[in-house]
Structure formats: structure tokens, C-alpha cells
Amino acid sequence: MWPGRFAVGHRRQVEAFGALPSPDGPTRFSEIRRRVGGISEKVLIQQLRELVAMNVLVRHDHQQVPPVVDYALTPFGETLVQALVPLCEWGNQNRAQVAGTLQRSSKVAGEPS
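Notes on the structure follow. The model shown is predicted, which means the values in this text are computed figures rather than measured ones.

**Observations regarding the pattern of salt bridges**
Where charged atoms from two side chains of opposite charge come close, those side chains can pair.
Moving on, step 1. Considering all chains together, one arrives at three salt bridges under this definition.
Moving on, step 2. When the shortest N-O distance is used, the salt bridge between Glu31 and Arg35 registers 2.9 Å. Separated by four residues within a single helix, Glu31 and Arg35 lie in helix H3 (residues 29-36), roughly one turn from each other.
Moving on, step 3. Given the relative accessible area of 23%, Glu31 is considered partly exposed.

**Remarks on the sheet that holds strand S1 (residues 27-28)**
Strands pair in a sheet through their backbones, by hydrogen bonds, and they do so in one of two ways: parallel or antiparallel.
Moving on, step 1. Read from one edge of the open sheet, three strands run S1-S3-S2, paired in antiparallel fashion. Where the open sheet ends on each side, the last strands, each with one partner, are S1 and strand S2 (57-61).
Moving on, step 2. Bridge analysis of S2 against strand S3 (residues 69-73) gives five bridges, and the strand direction is antiparallel. Bridge pairing in S3 places Val58 opposite Ala72.
Moving on, step 3. Across the face of the sheet, helix H4 (residues 41-53) comes into contact with S2 and S3 while running at roughly 115° to S2.

Reading the values: rules and limits
- Residues numbered from 1 in each chain as written.
- Predicted model: local features only at pLDDT ≥ 70, side-chain atom pairs only at ≥ 80, totals over all residues.
- Heavy atoms only, no water.
- Salt bridge = Lys/Arg side-chain N within 4 Å of Asp/Glu carboxyl O.
- Helix = DSSP H or I, 4+ residues; strand = E, 2+ residues; numbered from the N terminus.
- Buried < 20%, exposed > 50% of the residue type's maximum accessible area, 1.4 Å probe, protein only.
- Pairing = 2+ DSSP bridges.
- Contact = heavy atoms within 4.5 Å.
- Axes fitted to C-alpha atoms, helices over the stretch in contact; angles between N-to-C directions.

Written out as C-alpha cells, the structure reads:
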């Protein structure tokens, strides 16, 4: 198995994980859902549960009505953030080139733009 698959095995895990780091501490579920967008509540919950099971996140249920649940990075999750920062920086620096290459390759393949 590819060694990075455990944390980035699903595109939605990466999106949920990326919506998490907050200088203000834990992030409420509703805020994560708002930041990620375009994902069903069911899928987001599944992906967050997997990240909790992998000890990347910690889930805190405040046992209130209405329900209040938040998530925070574990120390292990913080190390993953540190590892992903250079990849994100590379992506930001090369966004235009990658987009141009993808656009050219789709034209070669005969796909509509």
C-alpha cells in the first residue's frame, strides 16, 4: 500500500482536513461543513470519523441540545499539517502551469473546454 494513503485516501478527507486548522482552537462541525462545501453531511461525517480513527483529529461532543460537536488536530495531525505545507506551497506556485497543462491535454483528447 502507498504509505500516504492512510491520510489522503479520499479526496473528501483532504478537504475536511484542510478546513480544520484554526488558530482559535477546535472547529465546529457546522463550520467545517461550510468551509468544505459541496459535500453531503453523511459523507463529511464518514470522512471525519475516519480521520478520528486514524488519530489525526479528536472529536468533542459537548452533549448539548441542539448538538454541538467540534474537531481539533491531534499532535499527530499537526505533524501531517507540517508535512503537507510544502505540497500546498508547490501547488499554489504552480497552479497556472498545471491548469494550462490540463487544459491542453483535454483539447488533445478532444474533450470540451
